[in-house]
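Geometric and topological summary
For reference, the chains in residue letters:
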Amino acid sequence: MNLILIKRRLGWYGLAWMGAFALVLLVALAGHFLAHADVIDMADLLIPIGLVVTALALAGVVVRDLFSKQTIGTRLAILLLAILLALPLFWSPVSATVAAAWVADRSIEYSSAYAQFRITVSRLLWPMIEVVNSGAAFEFAWQAFQFVASVVGFLSTLLQVIAFLRKLLAARSVGDFVEEMTAPDETPQTGA
């Protein structure tokens, strides 16, 4: 796994977040103070543009990394990070318009783009919150743990039985078998 590339992508994520925030904030404030535009109208214009540009930039980097010559682990880690960090990254242009509305002493709740963003995020997050709060996630995790533990235990026991049977069938006599099974381990020990 290429940890240097993953750290670089996290740095790019931070840079993209700060860049989108600063750019949208500056445009919104410039529009309000210089062009005397309403901050809410600016938010309705800037939020969709900011989300589209951010999504395209994120998708471009992820697609580029997925088709790179990196290991599968590195590519999967980058994809997982992109999925986990997408929503906070999308919040960047939205939070800039919230800050601009605060500076202009306006309520951002009047922005239809802001309201739509909140509704969409709520629809995405609500099923996850319900799963965690309902106890179904704990039940699923417990059942998965039991299944994995049972499979590992079964395979470990099966391998031990197979090794025992191989030694039993390979022995020339009962005495040879008992001697082989009770003999001390002859592998060299590394000294500490």
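Analysis parameters
- Residues numbered from 1 in each chain as written.
- Predicted model: local features only at pLDDT ≥ 70, side-chain atom pairs only at ≥ 80, totals over all residues.
- Heavy atoms only, no water.
- Helix = DSSP H or I, 4+ residues; strand = E, 2+ residues; numbered from the N terminus.
- Buried < 20%, exposed > 50% of the residue type's maximum accessible area, 1.4 Å probe, protein only.
- Contact = heavy atoms within 4.5 Å.
- Areas by Shrake-Rupley, 256 points an atom, 1.4 Å probe, with all protein chains shown as cover.
- pLDDT = per-residue confidence, 0-100.
- Axes fitted to C-alpha atoms, helices over the stretch in contact; angles between N-to-C directions.
- Parallel < 35°, antiparallel > 145°, perpendicular 65-115°, else oblique.
- Left-handed = near helix turned anticlockwise from the far one by under 90°.
- Nonpolar A, V, L, I, M, F, W, Y, C, P; charged D, E, K, R; others polar.
- Patch = residues over 30% accessible without salt bridge, like charges linked within 9 Å, V, L, I, M, F, W, Y side chains within 5 Å.
- Salt bridge = Lys/Arg side-chain N within 4 Å of Asp/Glu carboxyl O.
- Core = buried A, V, L, I, M, F, W, Y, C linked by side-chain atoms within 4.5 Å.
- Phe/Tyr/Trp six-rings, centres within 6.5 Å; stacked < 30°, edge-to-face > 60°.
- Lys NZ or Arg CZ within 6 Å of the ring centre and 35° of its normal.

Here's the deal with the overall build of the chain
Looking only at helices and strands, the chain has six helices and zero strands in total. The linear arrangement of helices and strands in the chain, starting from the amino end, is α-α-α-α-α-α. Counting all 192 residues of the chain, 22% fall into the buried class. Within the chain, contacts between residues at least 6 apart in sequence are counted, and of these 72% link residues at least 24 apart. Counting every atom, the chain has about 13,700 Å² of accessible surface; 72% of that belongs to carbon and sulfur.

Quick word on the confidence of the model for the chain
With 88% of its residues at a pLDDT of 70 or more, the chain has an overall mean of 83. Element-level mean pLDDT values for the chain span from 69 in helix α6 (residues 174-182) up to 92 in helix α2 (residues 39-66).

Looking at unusual backbone geometry
Unlike most non-glycine residues, His36 shows phi in positive territory, near 55°. Position of His36 among the secondary structure elements: in the loop between α1 (3-33) and α2. Its identity is not glycine, yet Asp105 carries a phi of approximately 60°, on the positive side. Along the chain, Asp105 falls in the loop between α3 (72-103) and α4 (112-134).

Observations regarding the packing of α2 against α3
Between α2 and α3, the shortest axis-to-axis distance is 9 Å and the interhelical angle comes to 165°. One finds that α2 runs roughly antiparallel with respect to α3. Judged by the twist between their axes, the crossing of α2 over α3 is right-handed. Residues Val39, Ala43, Leu46, Ile47, Gly50, Leu51, Thr54, Ala55, Leu58, Val62, Asp65 and Leu66 of α2 lie in contact with α3, whose contacting residues are Arg75, Ile78, Leu79, Ala82, Ala86, Leu89, Phe90, Pro93, Val94, Thr97, Ala100 and Ala101. Each residue belonging to the contact of α2 with α3 can be placed in one class, and the counts come to 19 nonpolar, three polar and two charged.

Let's talk about a nonpolar patch on the surface
On the surface, a nonpolar cluster with roughly 860 Å² of combined accessible area is contributed by Phe147, Val148, Val151, Val152, Phe154, Leu155, Leu158, Leu159 and Ile162. Looking at the secondary structure, you find Val148 in helix α5 (residues 136-170).

Here's the deal with the pattern of salt bridges
On inspection of all chains with the given rule, the structure shows two salt bridges. For the salt bridge of Arg106 with Asp38, the shortest nitrogen-to-oxygen distance reads 2.4 Å. Linking Arg106 in the loop between α3 and α4 with Asp38 in the loop between α1 and α2, this pair joins segments that are 68 residues apart in sequence. Owing to a relative accessible area of 26%, Asp38 belongs among the partly exposed residues under this scheme.

A word on the nonpolar core
Core analysis: the biggest nonpolar cluster contains 21 residues, and Leu25, Ile47, Ala100 and Ile108 have the highest contact counts within it. Listed by contribution, the elements that provide at least two residues to this core are α1, α2, α3 and α4. The leading source of residues in this core is α2, at six residues. Residue contacts for Leu25: discarding those within four places in its chain leaves Ala96, Ala99 and Ala100.

Overview of the packing of aromatic side chains
Counted under the stated rule, the structure contains two aromatic pairs. Seen in terms of ring centroids, Trp17 and Phe21 are 5.5 Å apart; in terms of plane orientation they differ by 10°. Their pairing is stacked. Here Trp17 pairs with Phe21, and both are found in helix α1, just four residues apart, close to one helical turn. When the ring centre of Trp12 is taken as origin, the NZ or CZ atom of Arg9, which lies over that ring, is 4.1 Å away.

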